[in-house]
Amino acid sequence: MLLDEVLATLTSQLDDQAELGVKIKQQTEVPSEGPIDKGLWFYMQNVTAVFVDLKGSTELSAYRSPKPSAFAYTYFVRAMVVIFERFGSKYVDIQGDGVFGLFSGPQSEFYAVASAITARTQIERDIDARFEKDTSSEWKMTAGIGIDRGPLLVRRLGLRGTKQNEVWAGKPVNMAAKLSSVACSNQVVVSERVFSQFRKASPIRRRALLWGCGCCKEIQGDGLGITIGETKCLWTKEPAPAEMGLDFDQLYRLKSKWCCVHGAELCETIVTGCRPEA
Ligand SMILES: [Zn+2]
């Protein structure tokens, strides 16, 4: 009988696993592949996860032809993979309607946020326009982006003879995914612990990331900005929604994109911590 077979296989697999036990090895960098050795997991203390969630996929699937969907996912995934990899993400994967990138190392949150602002800017500026032109579809491509950081465990898992997949256990990917759903179209939302890293950055980096270049009048003028010192911050602070199961009290929302004039300079300053040479 099928159920008896399933239960017998399950018991024998769990017995095997119990005998093997688990070994946890500390790593500083996110590996491109999780370990596959018996029972071995990698543990990383501080990983920054950026989750980019494609919005409106339900409306997309309402089209009679499957072509717009196929185009949208192809452009979206390709673009996100290029952006994450160019910003030094060590691991990029797809989960549902989203693509996430993992960043490690001491400055990982700055590379992560720069990749997020780039993703958000490019979707609005170029990728959506290409999609509309190439498919003659009226659906608008937008994304919500979430960022969190914290410890992660990884290994490759799967039953013998089946495909092996990375399993990432820990909060950052889940929390970043939840924050991406809190984000409105083309917004970046970060957890309190990510924002506190921004606050601790060097003055030049902090200025670029929190205040930008001052050209973004539509953001400066919305009256919702929190104020740090004399200048209005580009990020707005709000309480984390209680029903989302987030494990922090505040989140920070960024509506602005890279400035057409100063974007490249701001991006360089945020990732390197130095003002680019003229
Ligand atoms: Zn500017």
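Before any of the text, the structure's been laid out above.
Residues numbered from 1 in each chain as written. Predicted model: local features only at pLDDT ≥ 70, side-chain atom pairs only at ≥ 80, totals over all residues.

(A) Local environment of the pairing of strand S2 (residues 40-54). One ladder, built from five bridges, connects strand S1 (residues 23-27) with S2; its direction is parallel. Bridging across to S2, Lys23 finds its partner in Leu40. Taken together, the 11 bridges between S2 and strand S5 (residues 143-157) define a ladder with antiparallel strand orientation. Note that in S5 the partner of Ala49 across the bridge is Asp148. Sheet topology note: the S2/strand S4 (residues 98-104) ladder contains seven bridges and is antiparallel. Note that in S4 the partner of Ala49 across the bridge is Leu102. (Pairing = 2+ DSSP bridges. Helix = DSSP H or I, 4+ residues; strand = E, 2+ residues; numbered from the N terminus.)

(B) The arrangement of the environment of Phe103 in detail. Relative to the helices and strands, Phe103 is located in strand S4. Put simply, Phe103 and Phe84 are 19 residues apart on the chain and 9.0 Å apart in space, counted from C-alpha to C-alpha.

(C) Representation of unusual backbone geometry within the structure. Unusually for a residue other than glycine, Ser136 sits at a positive phi of about 50 degrees. Its location among the elements puts Ser136 in the loop between helix H4 (108-135) and S5. Since 7 C-beta atoms lie within 10 Å of it, Ser136 is described here as exposed. In this structure, Asn186 takes a positive phi of about 55 degrees despite not being glycine. Counting through the fold element by element, Asn186 comes out in the loop between helix H5 (171-182) and strand S7 (187-191). (Buried ≥ 20, exposed ≤ 12 C-beta atoms within 10 Å, placed from the backbone.)

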